[in-house]
Amino acid sequence: MTQVLEELGDLYERAPFGYVSTDASGRVLRVNGTLLSWAGLDRGAVLGTDLRDLLTPGSRTWFDTHYLPLLHVRGEVREVALDLRGADGDRLPVLASSTVVRDDASVVVVRTSFVQAAERRSYERELLRARFAAETSERRLRILHDAVTAFAQAPDLAAVAAAVAVAVDSIAPTVGVAVWLVDPDTQEIRRHCVLGAD
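Summary of the structure given here. Since the structure is predicted, the reported quantities are computational estimates derived from the model, not experimental observations. (Residues numbered from 1 in each chain as written. Predicted model: local features only at pLDDT ≥ 70, side-chain atom pairs only at ≥ 80, totals over all residues. Heavy atoms only, no water.)

Let us look at helix α5 (residues 118-153). When the terminal C-alpha atoms of α5 are compared, their 53 Å separation across 36 residues agrees well with the 52 Å that a helix rising 1.5 Å per residue should span. Of the positions making up α5, those classed as buried are Arg121, Thr136, Ile143 and Ala147. Where α5 is buried, its residues contact β3 (76-85), β4 (91-103) and α6 (157-171). (Helix = DSSP H or I, 4+ residues; strand = E, 2+ residues; numbered from the N terminus. Expected span 1.5 Å × (residues − 1). Buried < 20%, exposed > 50% of the residue type's maximum accessible area, 1.4 Å probe, protein only. Contact = heavy atoms within 4.5 Å.)

Think of a pair of aromatic rings as described by two things: how far the centres are apart, and how the planes are tilted against each other in angle. Throughout the structure, instances matching the rule amount to 3 aromatic pairs. Both rings, one in Phe17 and one in Tyr19, keep their centres 6.2 Å apart while their planes meet at 70°; by these two values the pair is edge-to-face. Classification of Phe17 as partly exposed rests on a relative accessible area of 30%. Taking the relative accessible area as the measure of exposure, Tyr19 reaches 19% and is therefore buried. An angle of 20° between the planes, with centres 4.9 Å apart, marks the rings of Phe63 and Tyr67 as stacked. (Phe/Tyr/Trp six-rings, centres within 6.5 Å; stacked < 30°, edge-to-face > 60°.)

The contact between α5 and α6 brings their axes to 9 Å, and the two run at 175°. Judged on the interaxial angle alone, α6 and α5 are roughly antiparallel. Side by side, α5 and α6 meet where Ile143, Ala147, Ala150 and Phe151 of the first sit next to Val160, Ala163, Val164, Ala167, Ser170 and Ile171 of the second. Here the contact of α5 with α6 is built from residues that sort into 9 nonpolar, 1 polar and no charged. (Axes fitted to C-alpha atoms, helices over the stretch in contact; angles between N-to-C directions. Parallel < 35°, antiparallel > 145°, perpendicular 65-115°, else oblique. Nonpolar A, V, L, I, M, F, W, Y, C, P; charged D, E, K, R; others polar.)

Honestly, that's just the spatial picture; any functional story needs more than this.
Here it is in structure tokens:
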């Protein structure tokens, strides 16, 4: 039996995720070694403090306005992105999940686990950058396609100038676009198209 208890204690202390138990008010009753190691914190400095004190200011606001209300209504919250505040002030991105343990009608303990999420957030940011690049490229190709189609259908220089003006305005919307063309015979410069302000 002693060996089983030691294994359970080791499993709690060295789990591959951070683990915190709090009372109904959020006061930390127990914290595992994994979380302490990640955040560079001392167990004595964490026990008895408010769980919110482990969060960055932005995460604390989210925790108060969204996380806690959901926890009180549902009795559990799953995979919410928060940032822990390390001893050195560094931000530690995590996914937090909590479960309320009740004894009849009252809360006995709230169990919260934290999974490191720095790589996941980096991957999500990379996906957003790739999505933005793809959308930008698609927009540029659409503008180019429309311009080439307009050029091909243009019966004269005025229509080509109008197509150029529309293409430029599509790429960088401005107050106005004017197209000036040089007559190859006379070298005279003429305005052939104006969009927007004159």
